[in-house]
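# Structure at a glance
Now for the letters of each chain:
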Amino acid sequence: MNDHDLRFAKRLVLLNSAVPAVVLGWDAWHHQLGANPVNFAILTTGMLALVFLLLTLLVTPLRVLSGWNWIIFSRRTLGLYAFFYAALHFLIFFSLDRGFSVASTVSEMVQRKYLLVGITGLLVMVPLAVTSTNAMIKRLGGKRWRALHRLAYVAAVAGVIHYYMQVKKDVRQPLAFAAVLAILLGYRWWATLRRPVPAGAGKAGGGL
Amino acid sequence: MQEPDKISQREITDPAVYFNRRQFLQTGILAASAVATGVVYHELNHPAAGVTKTVPLAGLTTTPTNADNGFHAAEPATSFQDITHYNNFYEFSTDKEGVAAAAAGFNTRGWQVSVEGLVRHPRVFSLAELLSLSPPEERIYRMRCVETWSMVIPWAGYSLSKLLDVVEPLEGARYVAFESLLDPQRMPGQRADVLNWPYVEGLRLDEAMHPLTLLASGIYGQALPPQDGAPLRLVVPWKYGFKGIKSIVKIKLVAEQPRTTWSEAGPNEYGFYANVNPHVDHPRWSQATEQRIGQSGRRPTLMFNGYEAQVGHLYAGLDLRANF
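Predicted model, so just to flag it, every value in this text is computed and none were measured.

## Quick notes on the interface of chain A and chain B
- Listed per partner, the contact involves 35 residues of chain A and 39 residues of chain B.
- Taking both partners together, chain A and chain B bury about 3000 Å²; carbon and sulfur atoms supply 56% of that area.
- Where chain A touches chain B, the interface holds four salt bridges.
- Looking at the side of chain A that touches chain B, the elements that each hand over two or more residues are α1 (3–29), α2 (37–66), α4 (102–111) and α8 (151–166) of chain A.
- Counting residues per element, the side of chain A that touches chain B draws most heavily on α1 of chain A, which supplies 12 residues.
- Residue composition of the side of chain A that touches chain B, by class: 14 nonpolar, 10 polar and 11 charged.

## Focus: the environment of L43 of chain A
Residues and elements named next belong to chain A.
- With respect to the helices and strands, L43 occurs in helix α2.
- On the accessibility criterion, L43 (40% relative accessible area) is partly exposed.
- Distance from L43 to Y163, taken between C-alpha atoms, is 9.4 Å for residues 120 residues apart in sequence.

## Things to note about empty space enclosed by the protein
Residues and elements named next belong to chain B.
- Under the definition given, this model contains two cavities of 30 Å³ or more.
- Along the walls of the largest cavity sit 26 residues, with N88, F89, R233, G241 and K246 positioned nearest its centre.
- Residue contributions to the lining of the largest cavity peak at four residues, all from strand β5 (residues 149–159).
- Across the lining of the largest cavity, the residue classes tally to 16 nonpolar, five polar and five charged.
- Forming the boundary of the second largest cavity are 13 residues, of which M143, V235, V236, K239 and G241 lie nearest the centre.
- Contributing elements (two or more residues each) for the lining of the second largest cavity: β4 (137–144) and β10 (233–235).
- Its residues assigned to classes, the lining of the second largest cavity comprises seven nonpolar, two polar and four charged.

## Considering unusual backbone geometry
Residue and element names in this part refer to chain B.
- Cis geometry is found at the peptide bond from W197 to P198, where omega equals -5 degrees.
- The step from A230 to P231 runs through a cis peptide bond, and the omega angle for that step is -5 degrees.
- Position of P231 relative to the elements: it lies in the loop between β9 (222–223) and β10.
- Positive phi, normally seen in glycine, also occurs at F304, with a value near 50 degrees.
- Tracing the chain through its elements places F304 in the loop between β13 (298–300) and α8 (308–311).
- In this structure F304 comes out as buried when scored by relative accessible area, which is 3%.

## Examining the side chain of N16 of chain A
- Mapped onto the elements of the fold, N16 of chain A is located in helix α1.
- From its side chain, N16 of chain A meets the backbone nitrogen of A34 of chain B in a polar contact 3.4 Å long.

## Considering the sheet that holds strand β7 (residues 200–204) of chain B
Residue and element names in this part refer to chain B.
- On the basis of which strands lie adjacent, the open sheet formed by five strands has the order β3-β2-β11-β6-β7 and mixed pairing. Every interior strand has two partners, whereas the edge strands, β3 (123–126) and β7, have only one. Neighbour-to-neighbour, the strand axes of this sheet turn through a mean angle of 15 degrees, independent of strand direction.
- Where strand β6 (residues 175–180) lies against β7, five bridges are found, and the strand directions are antiparallel. Of the residues in β7, the one forming a bridge with A177 is G202.

## Concerning the nonpolar core
- Within the largest apolar cluster, 79 residues are counted, with the highest numbers of intra-cluster contacts made by W155, L163, F178 and W238 of chain B.
- With sequence-adjacent residues up to four places away left out, W155 of chain B is seen in contact with E137, E138, R139, Y141, L214, A216, G218, I219, L224, R233 and V235 of chain B.
- Core analysis: the second largest hydrophobic core is formed by 48 residues, L57, F73, L128 and A152 of chain A among them.

## Re the pattern of salt bridges
Residue and element names in this part refer to chain B.
- Enumeration over the complete set of coordinates arrives at 25 salt bridges over all chains.
- A salt bridge links D206 to R204; its shortest N-O distance comes to 2.9 Å.
- Judged by its relative accessible area of 14%, R204 falls in the buried class.
- Each of the salt bridges in this network shares a partner with another, and the network as a whole consists of E75, R142, R144, E290, R292 and R299.

## So, a positive patch on the surface
All names here are of chain A.
- A surface patch of like charges, here positive, comprises R7, K10, R11 and R76.
- Looking at the positive patch, the element that brings in the most residues is α1, giving three residues.
- Among the secondary structure elements, R11 is positioned in helix α1.
- Of the residues examined, R11 reaches a relative accessible area of 44% and is grouped as partly exposed.

## A few points about the pairing of strand β12 (residues 289–292) of chain B
All names here are of chain B.
- Here β5 pairs with β12 via two bridges, running parallel. In the strand pairing of β12, S150 is matched with R292.
- As judged from the three bridges shared by β12 and β13, these two strands associate in the antiparallel manner. Bridge assignment links Q291 to a residue of β13, and that residue is R298.
- The hairpin formed by β12 and β13 contains five residues between the paired strands, and G294 there has a positive phi angle of roughly 90 degrees.

## Thoughts on the packing of aromatic side chains
- Under the counting rule described, the total for this entry stands at 24 aromatic pairs over all chains.
- When the ring of Y163 of chain A is compared with that of F177 of chain A, the centres are 5.8 Å apart and the planes differ by 75 degrees; the resulting orientation is edge-to-face. Of this pair, Y163 of chain A sits in helix α8 while F177 of chain A sits in helix α9 (residues 172–194), and the two are 14 residues apart along the sequence.
- Looking at F177 of chain A, the relative accessible area reads 11%, which means it is buried.
- Its guanidinium or amino end placed over the ring of F71 of chain B, R139 of chain B lies 3.7 Å from that ring's centre, counting from NZ or CZ.
- Directly above the aromatic system of Y307 of chain B lies the positively charged group of R142 of chain B, at a separation of 4.6 Å from the ring centroid.

Criteria and cut-off values
Residues numbered from 1 in each chain as written. Chains lettered and ligands numbered in written order. Predicted model: local features only at pLDDT ≥ 70, side-chain atom pairs only at ≥ 80, totals over all residues. Heavy atoms only, no water. Contact = heavy atoms within 4.5 Å. Buried area = accessible area lost by both parts, 1.4 Å probe. Salt bridge = Lys/Arg side-chain N within 4 Å of Asp/Glu carboxyl O. Helix = DSSP H or I, 4+ residues; strand = E, 2+ residues; numbered from the N terminus. Nonpolar A, V, L, I, M, F, W, Y, C, P; charged D, E, K, R; others polar. Buried < 20%, exposed > 50% of the residue type's maximum accessible area, 1.4 Å probe, protein only. 1 Å grid on protein atoms, 1.4 Å probe; cavity = no way out; pocket = protein on both sides within 12 Å on 5 of 7 lines; lining within 4 Å. Points joined across faces, edges and corners; volume = space filled by probe spheres on them. Polar contact = N/O pair within 3.5 Å; in protein donor to acceptor, adjacent residues only side chain to side chain. Pairing = 2+ DSSP bridges. Axes fitted to C-alpha atoms, helices over the stretch in contact; angles between N-to-C directions. Core = buried A, V, L, I, M, F, W, Y, C linked by side-chain atoms within 4.5 Å. Patch = residues over 30% accessible without salt bridge, like charges linked within 9 Å, V, L, I, M, F, W, Y side chains within 5 Å. Areas by Shrake-Rupley, 256 points an atom, 1.4 Å probe, with all protein chains shown as cover. Lys, Arg positive; Asp, Glu negative; His and termini not counted. Charge placed at Lys NZ, Arg CZ, Asp CG, Glu CD. Phe/Tyr/Trp six-rings, centres within 6.5 Å; stacked < 30°, edge-to-face > 60°. Lys NZ or Arg CZ within 6 Å of the ring centre and 35° of its normal.

In structure tokens, the structure reads:
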């Protein structure tokens, strides 16, 4: 894949990942978010954050299993979109549901375990977003950067648990997310067992 | 095969044209992919839309209201569109925005309701017989869902007590048990074990006899649409919405507290009483405030959903925290 194609592929991912946000914004502007628009927006952005987290975690297994090394380019974009949707999810909750009240937001969070789990997932994504640039990867060094970015697993697990905990009764959807996440994490566990990396053999561009 | 050098210089596309064409093509693909993503996304995740067909309810009367009986909440009613497109009715779908579409065309022909148990005159009513017991009255009630959203709904129906007076509860009757239709053919949500079907609910006899407790057959002067519990449902305005059992086929007077679907599904989250109470939180969320559908911002939830003056006496001496 040449530079031109790669640039094009990057644009493709960048643009398409923004589409749900644009549609949501458009529908909100035209009062097309149904009977409970705030709730609809919160649910939608939360779901999108989870979808993008899982897509981010899908890149490496797909790359290894398919041999399409070039798809690694999409991991950062997808990860940043996961953070974007999770942050949007929280901001809508804070502004439109809690009416910008810090006191009410904090008191809800302290009392509701599922909110604590959710905010944990969002907060661990902050250092990941901050260190997502090439300069930061260089500054941290590949090994430390990779270790730090394993926090993505924590974010995904927290996100799925957060979703599961707030569903009233029909847990089929959160369980589907959990199943996909289990496969993606299980693959990594299996890969480490199968190919123990010799000490000091930091492979370029590696990282599970 | 042609030798490369046989291509004349004139045939080679000018690089400027070539890259323009490439750029043009890529822009086209980008735009097309964005549209495709938008269509797929919207298909997977969209709020409820569509119009619900209505049938006017015959003989609707307006009951004389006074400030004390709570029959007419002095608040703007939620729109018909929202009342019919934001429903908790797991028999059709667990997606509140998907119930209207899933329930469209629900067939209620030949509907019967068996009123039985500890009554002097047990009887199977046809829907027409049941509705003819008393003319439908318009009652504008607040409706508070346990999920912290609320509506104001202009119901049509009559007090359940009128039916109970006809069948005459016997001495030992202390509770009323209700049952919804069980028919996975007509109610596709029942094909999944999300809840223990059929849906069952119950009230204490004094709660059932309270004039606010409504046997509803309509909203906005129209026959109940399928998604709102056609053809006949219960409305108990001071309790969380899930007490308002829909599509009723059986009403049984009993001596012991009957089982109820949600209290069995989550014993520490949903109680038999389920009175609206801002001071007793759901284990997973606060019940102090609510989102009124159609309005922005949250409002405080009222004790007994604002019907404390009418029903507070029913619970004198009862520990509402233990009996949630």
